[in-house]
Structure formats: C-alpha cells, structure tokens
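Next come the chains, spelled out residue by residue.
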Amino acid sequence: MVTARFKASLPLLLLLLLAAAVLRVDARKHKLEIKNDKRPYFPISTFGFYRLGHLVVDVHKFKITPKDADQKVGFILEKIANSYTESRPEKCQLLNLQRNDKLVQHVFFVFDLKHKQVYLNCSDEMAQLHVLNSTENLGEMEKVEELAKFKDKYLFNKKVERHRRDVIDDEPPADSSIPTTTVAAVKGPTGDLFNQKCNDVKINMTTDGEYYSFKFVVYVAREKEEGLYNLNFHNCMNYGPNPTTSAIDMFLEIEEMNPDDNYLSAGEMPLPALYFMMALLFFLSACFWFFLLKKSRDPVFKIHYLMGVLVVIKSFSLLFHGVNYHMIQTHGVHMEAWAVMYYIMHLLKGALLFTVLALIGSGWAFIKHVLSSKERKIFIIIIPLQIIANTATIIVEETEESNKDHAQWVTLLFVIDFLCCGAILLPVVWSIKHLQEASQTDGKAAVNLRKLKLFRHFYIMIVCYIYFTRIIVYLLRITVPFQYEWLDDMFREMATYVFFVMTGYKFRPATNNPYFRVYDEDKEIEEVLTTTGLTEGITQVNQHGKRQSKENVEVEVFEDDEEVNLLNTQESSHAFD
C-alpha cells in the first residue's frame, strides 16, 4: 500500500521539483547567493558577446572568513574562442597572468580589502577593454559608438586623439536618421573613459561592518573584443596540497545583454526561430501521419497511433521551448507558466520516445502481441530512468554554474542517458539472438529470422541516432565559433526528425511491409495471409520455375509451435478463402 501511494505521488513530486527549479533562477539576469563556499575555483557564468554588448556584475555583502587583507581572491573574466578552450585550472591564475596568450585573454579583478578597492590586471589583447564603475555612462558611450560607426570612425581602431575633438565642430551627417550627440569624451571619476586603459581602472568598495560591496560594468566596444566570455571566481588560499582553508560569502546580481536589448548569448540568438520552425515541421508531419492512418486500407495497430502521439508531444515540446527562449530574449527572465509547460512536455516526450522505441524493437503488435518477461523488465527500468534523466536535464539547465551540485548533476545526466540508450537496444538484440538459436532446428524460426532483417536495420538506425545526437553534436558544439553554437541544436533536431521519418516509413501500415513479406535466397516469395501477431505463421508459398499449366500451392499453418502441412493442388491460385 505504501509503495502504491508512493508511485501515485511520484508525478506530483516531480512537478513540484520542476517548479522549484524554475523559480530558483532568473535566466540571463542571474541572482546567486553563495554561503560558506570553500572551493578554490568555481565558474559563475558563460556568455557570448557581440559588439555593444555589456556585462554588469553587482557584488553585495562579500565576506571572507577568516578575514585577512593579504589574501588573493577575485574574479577572472576569460575571453575564449569556444567552449572547447574552457580551462579548469590546477593552480590559482590570479598569481600568474599570461599577457600574450593568443588562445585565452584574461582580465583579473583582484580584491584589495585593505584599501577597499578592486584593481584590474589585463592581458595585452584586453588592454583597451572598457570597464566602468556603474551603468550611468553606458548610454552616452553607446551614442558615441553609434555616431562613430555611421561616420566610419570606429573608436579605438585609430588613435584616440582623432576622436577626442568636440563633435559640434564636425559637420553632421546629411541623413537625419543618424543619431547626433554633443558628447565626444565621456567623463568618469577617473577621467576620460574612452582614453582609460584597462589596467588603470580602480573600482571602489563600500563597507558595512565586515561586508564589502561594489559594482562594475564590462562594455564590449570593439569588434575584436567580441567573443565567448567566462566569469570565474578564484580563492588562492584554497589552492595547493596544503591549502589555508578560507570561506567566502556573497550575493551576486549579474546581467548579460547583447545589442538591441537581447538577453540571449550570441550563439543562442537564432534558437527561438529554430524551435518554432521545427515545432511547425513536426506538427505538420504528425497531421500527415494521422491522415495516412485514417485513409489506410491496411490494418492499423495501436503502436501506429502511439507513434503519432509521440510526434505531437515532440512538437509541443519544441513550441514551448521556443516560447521560453523568446521570453528570455526579450525580458532576460523566465515566465514560469511557459517554462513549466515546456518541462512537462519534455518529460513526457523523453519517456514516450524510449517506450515507443522499445515496443517497436521488441516487435510488439507487428510480429507478436505479448511481451516477454525480460522485455517487461526493460520497460520497468527504462521509463523511470528516462524520467530521472529528463529531470536531471532540467535541473542542469536551471542550476547556475556556480552551484556546488552542478557538476554532479551533469555527470549523473551523462551516465543515466547512456544507460537508457544501452537498455533500449536490448529488446532487439534479444529477439535476434533468440531467433538465431532457434533457427538451427526450427524452420519457422528461420523464416522469422529473415523477417528480422528489418530489426537489424532498425538497430543500426537507433545506434546512429544515439551516436550522432550524443557524441557528434557535442563535438560540434565545442569546436564551432561562439556565434554558431546554435548549430548543435539544429543538427540534433534535424537528426531527430530524420530518425522519426525513417522509422515511420519502415513501420507504416502496409500489407507488403517487410515484417510480413520477405524474399529468400531460392527466389521463393512468401506472402503472409494475415497481418496480426496472433496468426503470424500463416504463409502462402508460390513455387515458380516449374513449367506447368497449373500452379501448385503449398500452405503451411503453424499453430502452438506444431507444424501442420496442408497440400492442395487446385486450378485456382488461392489456397483458402
């Protein structure tokens, strides 16, 4: 009774878990609370910036225990080519700046608690990166950048002195749509912000007892500064074989934005349109599939309708995923209702996909109507594993990178996903192995073994699908430039669509389906006179090659594994009505 109640309450618990995961995170407007963290290093955020994008980091109530003004702690902002070059340091990088590293460029934000300042240490390639104390001057800097763009005078691409003259002395452009401004040199607390080098920036801290607070803005002004940026935190006291353990507490508010008020990373901008397009494609395909089932004159099994339901759920999952990304793109945060709808569909799609694949692979409704005990056990294992895997996927997507459990969830997702992929192949392997053993002594099994050639094709299709969507797509994601990361989602969805189409084509309702009609090596054509798994052994064999005016038809009826041969030579080519 307790077990039954637990199983009944499991879906409700999962929904509550999903709702909690959605409410924990604010998408591209991050709010992170870190308490008593003793890790020497942890990632905070990864984002791809285009020109005129910016990063805002607001640190509240930073505290280190034990308090020591000489400790080396701070942020490191890394510019990398793609996620493949992401580093996992074994020693504190705050103490070792490589100024001429062509692969990764760094900006160190080193905390000087004694003087209540944050000073910067920048690579040579990042020497002119804009780092501001607040967002107050951000709007004016963008206006000057736009004016320079229209006048073909990109700031920092030429000498700074050419751009410090007052814009009023220049003749304004003839096009009235070009913005005009009287600001040529944006002034900040430390002077002209355009003429300020990265290493010259000092960010002041405010104190409240033992807590420190400060804020800084990173503004991507030039095209050469575009790229994929990682923001990490390092606590140098906790590195090494004999670390001096110290813990930190802080509350972070982070905002990442690209031009045109777009909160998506550069590699994610095409995703809303991609998901909407794929959702429409899957939905139209589902409608066409149900139209074929409706008009089919051949027997239609329950598995055919289940395949159509899977495509519909996949379509709605993509639709809600696209809406979710659109909300992040425009507002920087989730809308909980759309996010929960997407996660529900994501769970249903994952569980139903592997269920349908296992049913087809075991031959249910095609060549047999009852699953074996081993196949039923596989279903009992696969469905819970898929629910766990999809829940882990949602938690990984919604949990911040800085969370202590993020890496464990990623590992768990990887292991469970491959366990499911391996388990889904077992029904097909068992069927082939059983028939191979039985075919040595049983003529009926030999016939079914030839029919299972289609199972082998289906097995290869599943292996290719898993290999492409789990490995090839991952390799693609870590090798393409940062602005093309959306390609891995596109290839994954296109591979899924092709797999669905091929599966539907091979197992469509048809009398001449390869399940029911095969050709043997002796050119004998076996035509099955039934299309159900209950009487799948009834066949009609037409003997060709005998030059007779009359046809000899041999009908073999198999029932309960006992073979009864009925031989009947008639004028007609039909064995029975």
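Rules used throughout
- Think of each chain on its own: its residues are numbered from 1, step by step along the sequence as written.
- This being a predicted model, a pLDDT of at least 70 is required before a residue's local features are given, and a value of 80 or more before pairs of side-chain atoms are given or counted; all residues contribute to the totals for chains, interfaces and linings.
- Where side-chain values are given, they derive from all heavy atoms of the structure, hydrogens and water being excluded.
- The secondary structure listing takes helices from DSSP runs of H or I that are at least 4 residues long and strands from runs of E that are at least 2 residues long, numbered from the N terminus.
- Using a 1.4 Å probe on the protein chains alone, a residue whose accessible area is under 20% of its type maximum counts as buried, one over 50% counts as exposed, and one in between counts as partly exposed.
- What makes two residues a contact is simply this: any of their non-hydrogen atoms within 4.5 Å.
- DSSP-based pairing: two strands are paired if at least 2 bridges between them are found.
- Disulfide assignment relies on a single distance test, namely cysteine sulfur atoms paired within 2.5 Å.
- Salt bridges, as used here, are contacts in which a Lys or Arg side-chain nitrogen is within 4 Å of a carboxyl oxygen on Asp or Glu.

What follows concerns the side chain of Ser265. Here Ser265 lies in the loop between β14 (247-257) and α3 (271-295). A relative accessible area of 7% places Ser265 in the buried class. Discounting chain neighbours no more than four positions away, the residues touching Ser265 are Phe47, Gly48 and Asn258.

What follows is about the pairing of strand β3 (residues 54-65). Across the 12 residues of β3, nine count as buried, placing the element largely inside the fold. Examined bridge by bridge, β3 and strand β12 (residues 211-219) share seven bridges and lie antiparallel to one another. Across the sheet, residue Leu55 finds its bridge partner in β12, namely Val218. Relative to β14, β3 runs antiparallel, the two being bridged by 10 bridges. Note on β14: the bridge partner recorded for Leu55 is Glu256.

On to the state of the cysteines. For the structure on display, the rule yields two disulfides. Disulfide partner of Cys92: Cys236, at an S-S distance of 1.7 Å. Between Cys92 and Cys236 the sulfur-sulfur dihedral comes to about -45 degrees; the bridge is accordingly left-handed. A residue pair is termed long-range when its members are at least 10 positions apart, and Cys92 in the loop between β4 (73-80) and β5 (105-112) and Cys236 in the loop between β13 (227-235) and β14 qualify at 144 residues.

It is worth spelling out the pattern of salt bridges at this point. In this structure the tally under the stated criterion is nine salt bridges. Ionic pairing is found between Lys63 and Glu210, a salt bridge with its closest N-O pair at 3.8 Å. In this pair, Lys63 sits in strand β3 while Glu210 sits in the loop between β11 (206-208) and β12, placing the two residues 147 residues apart along the sequence. Judged by relative accessible area, Glu210 falls into the partly exposed class, the value being 42%. For Glu225, the salt bridge is made with Arg222, and the minimal N-O distance between the two is 3.0 Å. For the pair Glu225 and Arg222, one class covers both residues: buried. Here the residues in one salt-bridge network are Asp488, Asp489 and Arg492, joined through shared partners.

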